[in-house]
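Examination of the molecular architecture
So the chains spell out like this:
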Amino acid sequence: MKKTTRYLSLLLVLLLCGTMLFTSCNVGETVEGKREEESSTIKLEYQDPTATEDVAAFMLEQAKIQFKGVPWGSTPAQIAEYMKTQDCLIEEGTSFIHGREQIEDFYENSQKGKPGFVKIVDHYIPSKITSIDKEWVHLQLIFFDGELYHTVTLNSNGEADTVETFPYLIHDVGHQDMLSFSRDYNHYLLSNDKTMTHDRIMRALVSSSSSTSFSPAEARSTFCFVCSEYTNYVEIEVP
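Residues numbered from 1 in each chain as written. Predicted model: local features only at pLDDT ≥ 70, side-chain atom pairs only at ≥ 80, totals over all residues. Heavy atoms only, no water.

**Things to note about the overall build of the protein chain**
Note the cut-off: What counts as a helix is a DSSP run of H or I of at least four residues, what counts as a strand is a run of E of at least two, and both are numbered from the N terminus. Under the scheme applied here, a residue whose accessible area is under 20% of the maximum for its type counts as buried, over 50% as exposed, and between as partly exposed, the area being computed with a 1.4 Å probe on protein chains only. Only heavy atoms enter the contact rule, under which two residues are in contact if any of them lie within 4.5 Å. Only the protein chains shown count as covering a residue, and every accessible area follows the Shrake-Rupley method with a 1.4 Å probe.
Across its full length, the protein chain carries six helices and eleven strands. Per-residue burial over the protein chain gives 46% buried out of 239 residues. For the protein chain, long-range pairs separated by at least 24 residues make up 60% of all intrachain contacts whose partners lie at least 6 apart in sequence. Just so you have it, the protein chain exposes about 11,900 Å², and 50% of that area is on carbon and sulfur atoms.

**Some details on the nonpolar core**
Our working definition: Here, the term nonpolar core denotes a set of buried Ala, Val, Leu, Ile, Met, Phe, Trp, Tyr and Cys residues that are joined through side-chain atoms within 4.5 Å.
In this structure, Met-59, Phe-67, Met-83, Val-121, Leu-139, Val-152 and Val-163 are the most contacted members of the largest nonpolar core, which totals 20 residues. Elements with a minimum of two residues in this core: α2 (53-66), α3 (76-83), β6 (136-144), β7 (149-154) and β8 (160-166). The greatest single-element share of this core, amounting to five residues, is contributed by α2. Grouped together as the second largest cluster of nonpolar side chains are 17 residues, Val-118, Phe-144, Tyr-188 and Cys-224 included.

**A few points about a negative patch on the surface**
Inclusion rule: Patch construction takes residues with relative accessible area above 30% that form no salt bridge. Like charges are linked within 9 Å, and nonpolar side chains (Val, Leu, Ile, Met, Phe, Trp, Tyr) are linked within 5 Å. Salt bridges are identified by distance alone: a Lys or Arg side-chain nitrogen within 4 Å of an Asp or Glu carboxyl oxygen. Charge counting follows a simple rule: Lys and Arg are positive, Asp and Glu are negative, and His as well as the terminal groups are ignored. The location of each charge is read from NZ of Lys, CZ of Arg, CG of Asp or CD of Glu.
Taken together, the side chains of Asp-87, Glu-101, Asp-105 and Glu-108 make up a negatively charged region of the molecular surface. By secondary structure assignment, the location of Asp-105 is in helix α4 (residues 100-111).

**Looking at the environment of Ala-80**
With respect to the helices, strands and loops of the structure, Ala-80 is situated in helix α3. Residues Ala-80 and Leu-139, spaced 59 residues apart in sequence, show a C-alpha to C-alpha distance of 9.2 Å. Contacts of Ala-80, omitting those with residues within four sequence positions, involve Ile-90 and His-123.

**Observations regarding the sheet that holds strand β11 (residues 223-235)**
Rules: Two strands are said to pair when DSSP picks up at least two bridges between them. Convention adopted: a line fitted to C-alpha atoms gives each axis, helices being fitted over their contacting stretch, and angles between N-to-C directions are expressed from 0 to 180 degrees.
Spatially, β9-β10-β11 is the arrangement adopted by the three strands of the open sheet, whose pairing is antiparallel. Only two strands of the sheet have a single partner each, and these edge strands are β9 (168-177) and β11. Pairwise comparison of adjacent strand axes, ignoring direction, gives a mean angle of 10 degrees for this sheet. This element, α4, spans β9, β10 (181-191) and β11 of the sheet and lies at about 125 degrees to β9.

**Regarding the pattern of salt bridges**
Taken as a whole and assessed by the stated rule, the structure comprises three salt bridges. Put simply, Lys-64 and Glu-61 hold a salt bridge, and the shortest N to O gap is 3.9 Å. Of this pair, Lys-64 and Glu-61 both sit in helix α2, separated by three residues, roughly a single helical turn. Residue classification places Lys-64 among the partly exposed positions, given a relative accessible area of 29%. Between Glu-229 and Arg-100 there is a salt bridge whose closest N-O contact spans 2.7 Å. Here Arg-100 lies in helix α4 and Glu-229 lies in strand β11, a separation of 129 residues in the sequence. In this structure Glu-229 comes out as buried when scored by relative accessible area, which is 8%.

**Examining α3**
Cut-off, in case you're wondering: Directions drawn from the helix axis to the C-beta atoms are what define this arc.
Listed as buried for α3 are Pro-76, Ile-79, Ala-80 and Met-83. Seen along its axis, α3 keeps its buried residues to an arc of 100 degrees; they face one direction.

**Observations concerning α4**
Cut-off, in case you're wondering: Here the expected span of a helix is defined as 1.5 Å times the quantity of residues minus one.
Over its twelve residues, α4 runs 17 Å from end to end, which matches the ideal 16 Å to within 8%, given 1.5 Å per residue. Within α4 the residues assigned to the buried category are Ile-103, Phe-106, Tyr-107 and Ser-110. Buried residues in α4, looked at end-on, bunch into an arc of 95 degrees, giving them a common side. At the C-terminal side of α4, Gly-113 shows a positive phi close to 85 degrees.

**With respect to the packing of aromatic side chains**
Formally: Put simply, two rings from Phe, Tyr or Trp (the six-membered ring, in Trp's case) pair if the centres are within 6.5 Å, and we call them stacked under 30 degrees between planes, edge-to-face over 60, tilted for the rest. Cation placement over rings: the criterion is NZ of Lys or CZ of Arg within 6 Å of the ring centroid and within 35° of the ring normal.
According to the stated counting rule, one finds seven aromatic pairs in the structure shown. For the ring pair Tyr-124 and Trp-136, a centre distance of 5.2 Å and an interplane angle of 25 degrees mean the geometry is stacked. Of the two residues, Tyr-124 is situated in strand β5 (residues 116-124) and Trp-136 in strand β6; the sequence distance between them amounts to twelve residues. As far as the burial class goes, Tyr-124 and Trp-136 line up, both buried. The side chain of Arg-183 reaches across the aromatic face of Tyr-230, ending 3.9 Å from its centre.

Right, dumping it as structure tokens:
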């Protein structure tokens, strides 16, 4: 699955649900050859100056190690179920259902300059309120080297979609009031802009002004979705 396809599909979900924007980012990596081979050929579709070929090769090798044992090629549900036995965060729908402490500890340690890894599982289950009826799962590995955050995302076949590098991991917690509902959010994202917030992205989504909205290309080059949780959902009667 191409990262661009994932971005467009997720953007549609967010526009329909009013949820947080998850987006693809700015560097495409394609792994050619069999996954079980020790050395893979990496073809860069686009190379950001900060995400070098050395970084891409390192992250792909780490993904093989960190996700060893994953039943690639199985159904999304089977892969998500297997990952419940691992040290990782699993996001299902709008909830963190497993390993919340993994992202919390990784964030706190990285803010102190401590290098480390975190594994994120994004399991999408079709909802009646969206037009996307295909279940999928993506596995994301993030590595903090003491200065920068490097991330690689894999699809359910164990194929790497992208490798990216960002300077900031942002944790944004707050309350959101929409036209027909309100809710609390707990959001993590990687960004090239340390001022990026949930509110800023939501305003850009609904804005008709070119000065405040994000084009798909601008979104991919500015921030990368990590995970979001929404709680205390309250419906509001619209007059």
